[in-house]
Amino acid sequence: DVFSWCGRLLGHYPVCGWLRVACSFLKRLACGQSGWDAPVSPEVQQFCSELASRFHSDDPVHGTWHLDIKADDVVNAWCDASDIRYGVLLEFGGHVLEDRAWIRPKDDRRHINIAELDAAIKVLELAVDWNVRNVRLMTDSKTVFGWLQALLKNTQRVKTSGLQNLLVQRRLQIVSDMVHIVKLTIEVVWVPSQQNRANQLTSVPAKWVSFAKKSNDGEADVPGDVAATAPTLSTMYVSLAEIEQAQLDDQSIQK
């Protein structure tokens, strides 16, 4: 019932805002607590009530669905990543064209900088789907901003170290291919996290995250009603298996 209910809320709308990440995370909680046909826990029922209450007062599914974008128009491409989600959206003339979000695997230990770079690639792919060729890429990651600036302006060599180097270089090559093959013109802009329009696509209430962590491995509560964006110790290192599967990661990003 939780899956069906969330599906009816999202439907096939191109713009769902905070509701997209909330429904996905709620489905993960429901599936993780019980089987497909078993009753959900009282906590998940309470979270469903909280989502329904916010939905009635803050329905994000609205706006202008079709905008006339000319070939030389510049579209803002917002991207963000957290420990739980990737979120991206395209915005033109103050209107959101489309937003998308992907929930990260529970065992995903990629460093937050690589996750932010993945989000940047995903929003560029979304721009290509819309036949946009002039993109203003908005990111709140200073590391990703520096990497992309160095790559696009060709002013200096992108410097990374350790086992992360291969993962970063492969992703930067994808961006380079988009510029030369798809003929994308990209301007990279750094924005504070508070001003990042994609931030709402990666955030859920802190007590939801706390409940998920306690259910999985008994970790302590997450203080405050904030997004779970801070990297943990487990995200600081990459395993050899992840290096060996870098090509598979690239194929997954390009889908």
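Cut-offs applied
Residues numbered from 1 in each chain as written. Predicted model: local features only at pLDDT ≥ 70, side-chain atom pairs only at ≥ 80, totals over all residues. Heavy atoms only, no water. Helix = DSSP H or I, 4+ residues; strand = E, 2+ residues; numbered from the N terminus. Buried < 20%, exposed > 50% of the residue type's maximum accessible area, 1.4 Å probe, protein only. Contact = heavy atoms within 4.5 Å. Areas by Shrake-Rupley, 256 points an atom, 1.4 Å probe, with all protein chains shown as cover. Pairing = 2+ DSSP bridges. Arc of directions from axis to C-beta. Axes fitted to C-alpha atoms, helices over the stretch in contact; angles between N-to-C directions. 1 Å grid on protein atoms, 1.4 Å probe; cavity = no way out; pocket = protein on both sides within 12 Å on 5 of 7 lines; lining within 4 Å. Points joined across faces, edges and corners; volume = space filled by probe spheres on them. Nonpolar A, V, L, I, M, F, W, Y, C, P; charged D, E, K, R; others polar. Core = buried A, V, L, I, M, F, W, Y, C linked by side-chain atoms within 4.5 Å. Parallel < 35°, antiparallel > 145°, perpendicular 65-115°, else oblique. Left-handed = near helix turned anticlockwise from the far one by under 90°. Salt bridge = Lys/Arg side-chain N within 4 Å of Asp/Glu carboxyl O.

Trainee: What should I look at first to understand the overall build of the chain in this one?
Mentor: Check the secondary structure of the chain and you find 9 helices and 5 strands. If you list the helices and strands of the chain from N to C, you get α-α-α-β-β-β-α-β-α-α-β-α-α-α. Looking at the chain residue by residue over its 255 residues, the buried ones come to 46%. For the chain, the share of sequence-separated contacts (at least 6 apart) that also reach a separation of at least 24 residues comes to 72%. For the chain, the exposed surface amounts to about 13,400 Å²; the carbon and sulfur share of it is 51%.

Trainee: Looking at this model, I keep getting lost on the pairing of strand β4 (residues 134-139). Mind explaining?
Mentor: On a regular strand, one side chain projects to one face of the sheet and the next to the other, so that they alternate. In terms of burial, β4 is a largely internal element, 5 of the 6 residues being buried. Bridge count between strand β1 (residues 75-81) and β4: 4 bridges; the pairing is parallel. Pairing of Trp78 across the sheet is with Met138, part of β4.

Trainee: Can you help me understand helix α1 (residues 2-10) in this one?
Mentor: Because each turn of an α-helix spans 3.6 residues, side chains separated by three or four positions end up pointing in the same direction. Restricting attention to buried positions, one finds in α1 the residues Val2, Cys6, Leu9 and Leu10. Along the axis of α1, the buried positions cluster into a sector of 90 degrees, meaning they face one direction only. Following α1 by one or two positions, Gly11 has its phi on the positive side, about 55 degrees.

Trainee: Mind showing me how you'd approach unusual backbone geometry here?
Mentor: Apart from glycine, the bulk of residues carry a negative phi angle, and the bulk of peptide bonds sit in the trans form. Within the chain, Asn131 stands out as a residue other than glycine whose phi angle is a positive 60 degrees. Within the secondary structure layout, Asn131 lies in the loop between α4 (112-129) and β4. For Asn131, a relative accessible area of 61% puts it in the exposed group. Positive phi is not limited to glycine here, since Lys183 has a value of about 65 degrees. Locating Lys183 in the fold gives a position in the loop between α6 (164-182) and β5 (185-190). What makes Lys183 exposed here is its relative accessible area of 57%.

Trainee: Would you explain the sheet that holds strand β2 (residues 85-92) in this entry?
Mentor: Strand-to-strand pairing in sheets goes through backbone hydrogen bonds, with the strands running parallel or antiparallel. Pairing is mixed in the open sheet, where 5 strands are placed in the order β3-β2-β1-β4-β5. Every interior strand has two partners, whereas the edge strands, β3 (95-103) and β5, have only one. For this sheet, the mean inter-axis angle between neighbouring strands, taken without regard to orientation, is 20 degrees. Both β2 and β3 contribute to a ladder of 8 bridges, which runs antiparallel. Residue pairing across strands places Leu89 opposite Asp99, the latter belonging to β3.

Trainee: Can you walk me through the layout of surface pockets in this structure?
Mentor: Which parts of space are left empty comes out when a probe the size of a water molecule is rolled across the atoms. One number sums up the size of the second largest pocket: a volume of about 260 Å³. What lines the second largest pocket is a set of 17 residues, and nearest its centre among them are Val15, Pro60, His62, Val96 and Arg197. Top element by residues in the lining of the second largest pocket is β3. It accounts for 3 residues. For the lining of the second largest pocket, the per-class residue count stands at 6 nonpolar, 7 polar and 4 charged.

Trainee: Just to check I follow, could you spell out the nonpolar core for this structure?
Mentor: With 38 residues, the main nonpolar core has Leu90, Leu137 and Leu148 as its most contacted residues. Elements that contribute at least two residues to this core include exactly β1, β2, α4, β4, α5 (142-153), α6 and β5. No other element matches the 11 residues that α4 contributes to this core. Those residues within four positions of Leu90 in sequence are excluded, and the remaining contacts are Val75, Asn76, Ala77, His95, Val96, Leu97, Glu98, Val123, Leu126, Ala127 and Trp130. By size, the runner-up hydrophobic cluster in this structure holds 27 residues, among which are Val21, Phe25, Ile84 and Val209.

Trainee: Which parts of the structure should I look at to understand the packing of α4 against α6?
Mentor: In a pair of packed helices, the angle between the axes and the distance between the axes together describe the arrangement. The interhelical angle for the contact between α4 and α6, taken along N-to-C directions, is 20 degrees, at an axis separation of 10 Å. In this view, α4 runs roughly parallel relative to α6, as classed from their interaxial angle. The handedness of the crossing between α4 and α6 is left-handed. Of α6, the residues touching α4 (which contributes Ile114, Leu117, Asp118, Ile121, Leu124, Glu125 and Val128) are Gln164, Leu167, Val168, Arg171, Leu172, Ile174, Val175, Met178 and Val182. For the contact of α4 with α6, the per-class residue count stands at 12 nonpolar, 1 polar and 3 charged.

Trainee: Could you clarify how one ought to interpret the pattern of salt bridges in this entry?
Mentor: Where side chains of opposite charge bring their charged atoms close, a pairing between them can arise. A complete count under the given rule lists 9 salt bridges for this structure. Across the pair Arg100 and Asp129 runs a salt bridge, and its minimum N-O distance is 3.4 Å. One end of the pair, Arg100, is in strand β3; the other, Asp129, is in helix α4, and 29 residues separate them in sequence. Residues Arg104 and Asp108 are paired through a salt bridge, measuring 3.2 Å at the closest nitrogen-oxygen approach. Like Asp108, Arg104 is buried.

Read these as geometric descriptors, not functional statements.
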